[in-house]
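# Examining the three-dimensional arrangement
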Amino acid sequence: MDTIGVNDASCIRCGRCVKVCPSQIFVQEKAGGDVTLHKPENCILCGHCVAACPTGSVNHAEFPAERVHAVDYGAMPTPEQVELLLAVRRSNRALSARPVSQELLDRIVAAADRAPTASNARQLGYTLVTDAAQLRAVTEYTLGIFGTLEKRLLHPLVRPWLSRLVPGVYRYVPVFKRLRREYAEGRDRVLRGATAVLFIHAPRESRFGAEDGNLAYENASLMAEALGVSQIYMGFVLTAVRQDRKAKLAAMLGLGDRRICAVMALGMPQFRYPNYIDRAPAPVTRK
């Protein structure tokens, strides 16, 4: 069958598919007229046409009937409920030893996979690490990169000019030292005792990989909060990845030539926050 088709018998010629198609594949010469197709090979598989059709008249090979579901807007969370979820969501580093169940991890990844991507590229991949030995390896990799970076920053030929160019970077040197010292004493301040780490990655050549990855991260973060799972943004790990030109962590995870774009640690909390706070609002310019 063709990738896309329109059932003329059931089509009510409302033009919704025409209005929402980003590739301008659907054409309607005049209001109420027949809907035709123009260069359907340009379809980016976003599914807008199928989602917008009120009569099921758009046939799309990528979205057969069993993958199309009616929306019950009455079952949607209210704006107040969404606002509450956004207000409550925050990192909780007080983690228990209980592992996050596979069911919860699957729902978190599924939420990430529903995030928008530029041009509907959908090039993101997800790698979940739950093995204790591999989790330790992620921490040790991060600390190893920081150790190398510290040596470079403190090199007597580098420090005089770099401290003038980017003096702020030197405030991290004692942080690197403390992280390594505490890890040697049995306290992992990188993963914080997380029992799972989610790596979101994209092809190295992907133009919007980082942006897409962060959109996916936010979806996953909100789902984790709704499920009662603690999530922590792994800035330390991501910083190490960006400093590592040899991409050793990607190789360790078997990612090939893919780029790690976002990293989330996950764990079951010892407790949930009983309060949320109002932050000072960011300035908004209206023109």
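Structural notes, computed from the coordinates. Quick caveat: nothing in here was measured; it's all calculated off a predicted structure.

About the cut-offs
Residues numbered from 1 in each chain as written. Predicted model: local features only at pLDDT ≥ 70, side-chain atom pairs only at ≥ 80, totals over all residues. Heavy atoms only, no water. Axes fitted to C-alpha atoms, helices over the stretch in contact; angles between N-to-C directions. Helix = DSSP H or I, 4+ residues; strand = E, 2+ residues; numbered from the N terminus. Parallel < 35°, antiparallel > 145°, perpendicular 65-115°, else oblique. Left-handed = near helix turned anticlockwise from the far one by under 90°. Contact = heavy atoms within 4.5 Å. Nonpolar A, V, L, I, M, F, W, Y, C, P; charged D, E, K, R; others polar. Core = buried A, V, L, I, M, F, W, Y, C linked by side-chain atoms within 4.5 Å. Buried < 20%, exposed > 50% of the residue type's maximum accessible area, 1.4 Å probe, protein only. Patch = residues over 30% accessible without salt bridge, like charges linked within 9 Å, V, L, I, M, F, W, Y side chains within 5 Å. Areas by Shrake-Rupley, 256 points an atom, 1.4 Å probe, with all protein chains shown as cover. Salt bridge = Lys/Arg side-chain N within 4 Å of Asp/Glu carboxyl O. Phe/Tyr/Trp six-rings, centres within 6.5 Å; stacked < 30°, edge-to-face > 60°.

## Quick word on the packing of helix H5 (residues 132–154) against helix H9 (residues 235–243)
- The interhelical angle for the contact between H5 and H9, taken along N-to-C directions, is 55°, at an axis separation of 9 Å. By the criterion of interaxial angle, the relationship of H5 to H9 is oblique. Handedness of the H5/H9 crossing: left-handed. Along the contact surface, H5 presents Val138, Tyr141, Thr142, Ile145, Phe146 and Leu149, while H9 presents Phe236, Val237, Thr239, Ala240, Val241 and Gln243.
- Looking at the contact of H5 with H9 residue by residue, the classes come out as nine nonpolar, three polar and no charged.

## Some remarks on the nonpolar core
- Within the largest apolar cluster, 34 residues are counted, with the highest numbers of intra-cluster contacts made by Leu191, Phe199, Val237, Leu249, Ile260 and Val263.
- Of all the elements in the fold, those that place two or more residues in this core are H5, helix H7 (173–184), strand S6 (196–203), H9, helix H10 (248–252) and strand S8 (258–267).
- When neighbours within four sequence positions are excluded, Leu191 is seen to be in contact with Leu95, Leu135, Val138, Thr139, Val197, Met234, Val237 and Ala265.

## Re the environment of Val50
- Considering the arrangement of structural elements, one finds Val50 in helix H2 (residues 48–52).
- Judged by relative accessible area, Val50 falls into the buried class, the value being 10%.
- Note: C-alpha distance between Val50 and His60 (10 residues apart in sequence) is 7.3 Å.
- Those residues in contact with Val50 that lie beyond four places of it in its chain are Val58, His60, Phe63 and Val68.

## Describing a nonpolar patch on the surface
- There is a patch of nonpolar side chains on the surface, built from Val71, Tyr73 and Met76 and spanning about 360 Å² of accessible area.
- Topologically, Val71 is positioned in the loop between strand S4 (58–60) and helix H3 (79–88).

## Examining the pattern of salt bridges
- A complete count under the given rule lists nine salt bridges for this structure.
- Ionic pairing is found between Glu150 and Lys177, a salt bridge with its closest N-O pair at 2.7 Å. Here Glu150, found in helix H5, pairs with Lys177, found in helix H7; they are 27 residues apart in sequence, far enough to count as distant.
- With relative accessibility at 6%, the residue Glu150 sits in the buried group.
- Put simply, Glu225 and Arg272 hold a salt bridge, and the shortest N to O gap is 3.5 Å. Of the two residues, Glu225 sits in helix H8 (residues 209–227) while Arg272 sits in the segment after S8, which places them 47 residues apart along the sequence.
- Here Glu225 falls in the buried class, since its relative accessible area comes to 11%.
- Taken together, the salt bridges that share partners define one network made up of Glu150, Lys177 and Arg180.

## Focus: the packing of aromatic side chains
- Scanning the model with the defined rule gives five aromatic pairs in all.
- Consider the rings of Phe146 and Phe236, whose centres lie 5.8 Å apart with planes at 80°: the pair is edge-to-face. Separated by 90 residues along the polypeptide, Phe146 in helix H5 and Phe236 in helix H9 bring together distant segments of the chain.
- Classification of Phe146 as buried rests on a relative accessible area of 1%.
- Using a relative accessible area of 27% as the deciding quantity, one classes Phe236 as partly exposed.

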